Each structure stands twice: as C-alpha cells, then as structure tokens.
Amino acid sequence: MIALLIISLLGVKAMGAEILNFKKPLPFAVLLGLALAIGAGVYEWNHPVNISLFNNMLVFNHYALAFTISLCLITFLWFLLSQNYLESETAVTDHYALILFSLAGAIIMTSFGHMVMLFLGIEIMSIPLYVLAGSNKKSLASNEAAFKYFLMGAFATGVLLFGITLIYGATGSFDLIVISEYILQHAFEMPAFFYAGLILLIAGLAFKVSAAPFHFWAPDVYHGSPNVVTAFMSTIVKTAAFAAFFRLFSTCFHSVENSWSQVIWVMAAITLLLGNITAVYQLSFKRMLAYSSISHAGYILLAILAMNNYSAGAICYYTLAYSVAGITAFTVLQQVYALKGNDLIESFNGLAKRNPLLAFALTVSMLSLAGIPPTGGFFAKYTIFIAAINKGHIYLVLIAVIASLIGVYYYFRLIIAAYFKPVNDEAAIELSFQHKLLLILTILITLALGLFPNYILHLFS
C-alpha cells in the first residue's frame, strides 16, 4: 500500500512539476521514489501483511507485494533506458506523469479484492498508454498504433465488463471472496450465463496479455509505438495483466476449473505455436520481439492452467526474467536504431565490433528469452513446465518444448548477426553512462536469476 501511495504522489508531483519549477530534479526524484517504493514493499513484506483496505477493495498480501516490487524494479530500469527519449520530448513532465499513473494502475491490478478495482486498475494502466503509443506525433505508424490500441482496448474492456456483469448476475457480488464462497456452495447449480461470463472474462484478459486468438493488435501496436513505450508495454503491462489473471481465477474460479481449463489449454497451445512460428519470418527486430512476446504469453498460460502451489511463484519469476531480458533487448535496439534509423535484423550485423558490451548484452538477453542456461529464462521455463507436468498437462508441455526449439532459431539469428555477420561500416557505438550502467545491471540480474532461482521461488512456498 505504501508503494502505491508513493507512486501516486509522484505522478501528481510530475503533473505539477512544470508549474512548481520542479522539472530539472524530476528524473532524480522519480528514480528515488521508485527506490523508496521498492524499499517500502520489502518493509511491508517483513511485517504483518494481508492488509485488506476499503471493505476488501484492495488486499496487500505477499502475492501483491511480490508483484509490486517486481513492477517498481522493472519501471526503475525502464526509466534508465528512456532518459534520453524523455529529455528530448517537449512535454517531459506529462510523459513522467503518464508512466507513473500507468504503474499505479498496474499495482492496483496485482492487489484488487473486488471486480470494480480490477476494472479501475486496467483502465488507469491502459489510458496513459493509449496516449504514449501515439506520442511520436510526426509518425504515421505511431498514430496508427495509438488508434488501433485504443479501439481494441475499448473493445476488450467492453467484453471484460460484460463478463463481470454476468458473474455479478450469477453470484450477487463483486467481492472475490464472496464470489468464491458462493460458487463453492452452489457449484452444481450455477446458471449457464455464469459460464458465459467466465469465457468473456478470459477473452478480455487474453487481450491484455496478447494471447491468441486475441493477439492481432500486438505486432502493429508494438511496431508503431516509440521504442521505449513498446518496452514499457511489453514488460509492465504483461506482468500486471498476468498477475491479475492468476489472482482472479485462483481466488474465484478454482472450484469450477473444469469449465474453463480446456479453453486455456487450447489458447496456450495456439499462442505458443503461432507466436514462435510467425517470429521466424520477421525481418524487423521489433516485430520479432512482438511475436516473441505473444509466445511468452503462451508459456505463462501454462502456469495459470496448472493452478497449483508452483503457479504463483512461477508466474512472478517468469515475468521478472522476461521483463529484465526485454529491457536489455530494447536498450540495444534503441542504440542500433539511433545509428541506423531502422530496426532490421541485418542492422545488428557486426555489432560486436562496434560495441562489445552491446553485443554481449544482446547475447545474454536472447539466451534468456530462448531459455538457455545459466540465464533466468531457463529456470523460468523450467518452473512453468514443472507446474504444468505436476498437473498432468504432458502434451501441452511437449508443445511448449517444440515451440522453445523454434524460438532458439530466431533468437540465435541475432547472436549470429552480432558476432559472425560482416559489416561494411564499423563505426563504434558510444554509450552514455546510464545505458552502460543499465546494461551491466540487467546482465547481472539475468544471470543472478539463473544462478539463484530459489530466492524468488521460495518467496511463494
């Protein structure tokens, strides 16, 4: 709760920074605030938790705190990535405020105890991103991305709200605990429209996590948005949406698992194969990352499908490892894009000769996304597979393994381009201090997650 207050106050401060002549120290204040929010989360973790606020509208238990700390850490790294971009914008303070309010919405999505708060959290997180997706006003692709994201987001929200309405009609409450108790007592008496509401909830949330067949918006929106905004969408939004997805279904709908598990099974299989196979054919690094992001949604769906003691830890660990690797990849992309003016994979040819640190960071990032040891991505997939196998989903795990092998092909294409492809222009790429620091930090975190996975996984045991 303290972290949410800090982030919200920072957002308000950022909005008034122009008037209060606080523009210059704002970047430092935001980084300090995020560090304080992480510290507050750790403090609350070590003190009596499971704090229920506003008649159970928000519940800050260990689950919510773990995701809150993870979200604040990813945002801290994101601000290091985006400093140059933000400083070049005319409305700097507006961009800071929009990102901070979006983060506040993401935190609400990890801690809601009431359907109304789930809806508010999604909207508080999404509306700033509709604006940020179109923040490159001179780019037609950016404008198209914002328009498409807004329309698809509004449609998904409508579907989600309809689902919430049907669940309320069947159970008589928006409170997660009350809904859970009602379903337990009337498991064999639920009306047909209750199950229709469940399917609509899955469809609405699948849009937010870009899972097939609700993924179609992601490639165009990711590709058209400014690079740093895409980095935020592909990390923070996915983490918050999966935290909300698991919280909702593990709390309310665990007892009627048989009525929705087959839907998730099919969705996960399609997402895994479609995301990875389509990524193979991409020539643009950014679009490849977009399809890669879709495929990773498929892996995380396995943990939701498993719905056992491993699931919460596996989702938190996976989203953290994926997000850190994603921030690294987008940092490298930002540097190459600034030099070449495009994001084609061939632009990464000979990167090791231009800047060895960038090439090494790209290698660690791709290895982690591919799930190769000793990176965090390896144990992320391992824990997900263990959770699914323990629930008996052997065939789905086999599909996931095949999808991972396909993924190795396109991730290694970047590593081969960086180290073994010839390049005509060997001009060195100079990095700013903050980007060097960011790359070193993300490399260390990725390796630490792979070498010491139990520090995260045991938090949920």
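Everything that follows concerns the structure shown earlier in this document.
Quick summary incoming for the structure in this document. (Residues numbered from 1 in each chain as written. Predicted model: local features only at pLDDT ≥ 70, side-chain atom pairs only at ≥ 80, totals over all residues. Heavy atoms only, no water.)

**Thoughts on the overall build of the protein chain**
Move 1: Regarding its fold elements, the protein chain presents 19 helices and two strands.
Move 2: In terms of overall dimensions, the protein chain is globule-like: its C-alpha atoms have a radius of gyration of 21 Å, near the 23 Å expected for 461 residues.
Move 3: Overall, the C-alpha framework of the protein chain stretches about 70 × 55 × 45 Å when taken along its three principal axes.
Move 4: Contacts in the protein chain between residues at least 24 apart in sequence constitute 79% of all its contacts with a sequence separation of at least 6.
Move 5: Carbon and sulfur atoms provide 69% of the accessible area of the protein chain, an area that totals close to 17,700 Å². (Helix = DSSP H or I, 4+ residues; strand = E, 2+ residues; numbered from the N terminus. Rg over C-alpha atoms; globule rule 2.2 N^0.38 Å. Contact = heavy atoms within 4.5 Å. Areas by Shrake-Rupley, 256 points an atom, 1.4 Å probe, with all protein chains shown as cover.)

**Comments concerning the packing of aromatic side chains**
Move 1: In the structure shown here, the tally under the stated rule is 24 aromatic pairs.
Move 2: On the basis of an interplanar angle of 75 degrees and a centroid distance of 5.1 Å, the ring pair of phenylalanine 249 and tryptophan 260 is categorised as edge-to-face. Here the residue phenylalanine 249 occupies a position in helix 10 (residues 227-252), and tryptophan 260 occupies one in the loop between helix 10 and helix 11 (261-280), the gap between them amounting to eleven residues.
Move 3: When its relative accessible area of 0% is taken as the criterion, phenylalanine 249 is described as buried. (Phe/Tyr/Trp six-rings, centres within 6.5 Å; stacked < 30°, edge-to-face > 60°. Buried < 20%, exposed > 50% of the residue type's maximum accessible area, 1.4 Å probe, protein only.)

**Quick look at the nonpolar core**
Move 1: Counting 171 residues, the largest nonpolar core has Leu248, Phe249, Phe253 and Phe285 as the members making the most contacts within it.
Move 2: Apart from the residues lying within four places of it in its own chain, the contact partners of phenylalanine 253 are Met115, Ile167, Ile179, Ile183, Phe194, Leu198, Leu201, Leu248 and Trp260. (Core = buried A, V, L, I, M, F, W, Y, C linked by side-chain atoms within 4.5 Å.)

**Focus on a nonpolar patch on the surface**
Move 1: There is a patch of nonpolar side chains on the surface, built from Phe360, Phe412, Ile416, Tyr419 and Phe420 and spanning about 500 Å² of accessible area.
Move 2: If you tally residues by element for the nonpolar patch, the top one is helix 17 (residues 394-420), at four residues. (Patch = residues over 30% accessible without salt bridge, like charges linked within 9 Å, V, L, I, M, F, W, Y side chains within 5 Å. Salt bridge = Lys/Arg side-chain N within 4 Å of Asp/Glu carboxyl O.)

**Some thoughts on the side chain of asparagine 355**
Move 1: Along the polypeptide, asparagine 355 turns up in the loop between helix 14 (351-354) and helix 15 (356-370).
Move 2: The exposure class of asparagine 355 is buried, given its relative accessible area of 10%.
Move 3: In this structure asparagine 355 touches Ile429 and Leu431, once residues within four positions along its chain are discounted.

**Some points on the pattern of salt bridges**
Move 1: Evaluation of the coordinates by the stated rule reveals four salt bridges.
Move 2: Where glutamate 144 meets lysine 148, a salt bridge forms, and the shortest distance between an N and an O atom there is 3.7 Å. Here lysine 148 and glutamate 144 lie together in helix 6 (residues 140-171), a separation of four residues that amounts to about one turn.
Move 3: A residue is classified by how much of its surface remains accessible, and glutamate 144, at 43% relative accessible area, is partly exposed.
Move 4: Arginine 287 serves as the salt-bridge partner of aspartate 220, at 3.3 Å between the closest nitrogen and oxygen. One end of the pair, aspartate 220, is in helix 9 (residues 218-224); the other, arginine 287, is in helix 12 (residues 285-306), and 67 residues separate them in sequence.
Move 5: Judged by its relative accessible area of 29%, aspartate 220 is partly exposed.
Move 6: Here the salt bridges share partners, and the residues they tie into one network are Glu144, Lys148, Asp220 and Arg287.

**Some points on the packing of helix 12 against helix 16 (residues 376-390)**
Geometry of a packed helix pair, given as the angle between the helix axes and the separation of the axes.
Move 1: Two numbers describe how helix 12 lies on helix 16: the axes approach to 8 Å, and their chain directions differ by 40 degrees. Comparing their axes, helix 16 and helix 12 come out oblique. Every pair of crossing elements has a handedness; the one defined by helix 12 and helix 16 is left-handed. Across from His296, Tyr299, Ile300, Leu302, Ala303 and Ala306 in helix 12, the residues of helix 16 making contact are Lys381, Ile384, Phe385, Ala387 and Ala388. (Axes fitted to C-alpha atoms, helices over the stretch in contact; angles between N-to-C directions. Parallel < 35°, antiparallel > 145°, perpendicular 65-115°, else oblique. Left-handed = near helix turned anticlockwise from the far one by under 90°.)

**Section: the environment of glutamate 189**
Move 1: With respect to the secondary-structure elements, glutamate 189 resides in the loop between helix 7 (176-185) and helix 8 (192-208).
Move 2: For glutamate 189, a relative accessible area of 58% corresponds to the exposed category.
Move 3: Spatially, the C-alpha atom of glutamate 189 lies 44 Å from that of glycine 407, the residues being 218 residues apart in sequence.

**Structural notes on the side chain of glutamate 123**
Move 1: Looking at the element boundaries, glutamate 123 is found in helix 5 (residues 115-133).
Move 2: Buried glutamate 123, no salt bridge; nearest opposite-charge side chain is lysine 208, N-O distance 5.1 Å.
Move 3: Those residues in contact with glutamate 123 that lie beyond four places of it in its chain are Pro128 and Thr157. (Lys, Arg positive; Asp, Glu negative; His and termini not counted.)

**Some details on the environment of phenylalanine 246**
Move 1: With respect to the helices and strands, the residue phenylalanine 246 is situated in helix 10.
Move 2: For phenylalanine 246, a relative accessible area of 7% translates into the label buried.
Move 3: Remark: the alpha-carbon pair of phenylalanine 246 and isoleucine 304, spanning 58 residues in sequence, is separated by 6.0 Å.
Move 4: Setting aside anything within four residues of it in sequence, one finds phenylalanine 246 in contact with Tyr63, Thr251, Ala303, Ile304, Met307, Ser311, Ala312 and Ile315.

**A look at the state of the cysteines**
Move 1: Applying the stated criterion to the full structure yields zero disulfides.
Move 2: We note that cysteine 316 lacks a disulfide partner, and the nearest cysteine sulfur, in cysteine 72, lies 12 Å from it. (Disulfide = S-S within 2.5 Å.)

**Brief notes about the packing of helix 1 (residues 2-15) against helix 4 (residues 92-111)**
Move 1: At a minimum axis distance of 8 Å, the contact between helix 1 and helix 4 shows a crossing angle of 160 degrees. Our classification of the angle between helix 1 and helix 4 gives roughly antiparallel. Classified by chirality, the crossing of helix 4 by helix 1 is left-handed. Counting all contacts with helix 1, which are made through Leu4, Ile7, Ser8, Leu10, Gly11, Val12, Ala14 and Met15, the residues of helix 4 involved are Thr93, Tyr96, Ala97, Leu100, Phe101, Leu103, Ala104, Ile107 and Ile108.
Move 2: In terms of residue class, the contact of helix 1 with helix 4 is built from 14 nonpolar, three polar and no charged. (Nonpolar A, V, L, I, M, F, W, Y, C, P; charged D, E, K, R; others polar.)

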